[in-house]
Amino acid sequence: MAELGLNDSGERLPKSERPTCNAKTRAGGQCQARVVPGKRRCRLHGGLSTGPKGKRRSKANLEQEGD
């Protein structure tokens, strides 16, 4: 579980002990940021992403803009 930034009991590791993100930078190198606990990527490369919130919310926003 160390690759996820967690110890054996599932608790967060200190930031200095977490592995690096491993995402590729534009220059082709490796991202040096630390992973978000429980994820395999840093916050900039999708570790904090929650994904889309659903079509209902999107539709409601479009309807409000049309008024």
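Let me sum up the structure you'll find in this document. Predicted model only: the values in this text are computed from it and were never measured.

1. Re the overall build of the protein chain
Turning to step 1, where the next piece is worked out: Regarding its fold elements, the protein chain presents one helix and zero strands.
Turning to step 2, where the next piece is worked out: Expressed as a percentage of the 67 residues in the protein chain, the buried residues total 19%.
Turning to step 3, where the next piece is worked out: By sequence separation, contacts in the protein chain at least 24 residues apart represent 21% of the contacts at least 6 residues apart.
Turning to step 4, where the next piece is worked out: With the model as given, the accessible surface of the protein chain reaches about 5,600 Å², and the carbon-plus-sulfur share is 47%.

2. Notes on the side chain of Arg18
Turning to step 1, where the next piece is worked out: Looking at the element boundaries, Arg18 is found in the segment before α1 (55-66).
Turning to step 2, where the next piece is worked out: Here Arg18 is buried and forms no salt bridge, its nearest opposite-charge partner Glu17 lying at an N-O distance of 8.8 Å.
Turning to step 3, where the next piece is worked out: Only 3.1 Å separates the side chain of Arg18 from the backbone oxygen of Leu13, close enough to count as a polar contact.
Turning to step 4, where the next piece is worked out: Aside from chain neighbours lying at most four places away, what touches Arg18 is Gly5, Leu13, Arg34, Val35 and Pro37.

Rules of the game
- Every residue gets a number counted from 1 within its own chain, in the order that chain's sequence is written.
- Confidence filtering applies because this is a predicted model: local features only for residues at pLDDT of at least 70, side-chain atom pairs given and counted only at 80 or more, and all residues used for totals across whole chains, interfaces and linings.
- Water and hydrogen atoms play no part in the side-chain values, which are based on all heavy atoms of the structure.
- Each helix corresponds to a stretch of at least 4 residues labelled H or I by DSSP, and each strand to a stretch of at least 2 residues labelled E; elements are numbered beginning at the N terminus.
- The buried label goes to any residue with under 20% of its type's maximum accessible area, the exposed label to any with over 50%, and the partly exposed label to all in between, with areas taken from a 1.4 Å probe on protein chains only.
- Any two residues having at least one pair of non-hydrogen atoms within 4.5 Å are treated as being in contact.
- Only the protein chains shown count as cover for residues, and all accessible areas are computed by the Shrake-Rupley method using a 1.4 Å probe.
- Under the counting rule used here, the positive set is Lys and Arg, the negative set is Asp and Glu, and His together with the chain ends is not counted.
- For this analysis, a salt bridge means a side-chain nitrogen from Lys or Arg found within 4 Å of a carboxyl oxygen belonging to Asp or Glu.
- Here a polar contact is taken to be a pair of N or O atoms separated by no more than 3.5 Å, where protein atoms must pair a possible hydrogen donor with a possible acceptor and residues adjacent in sequence count only if both atoms sit in side chains.

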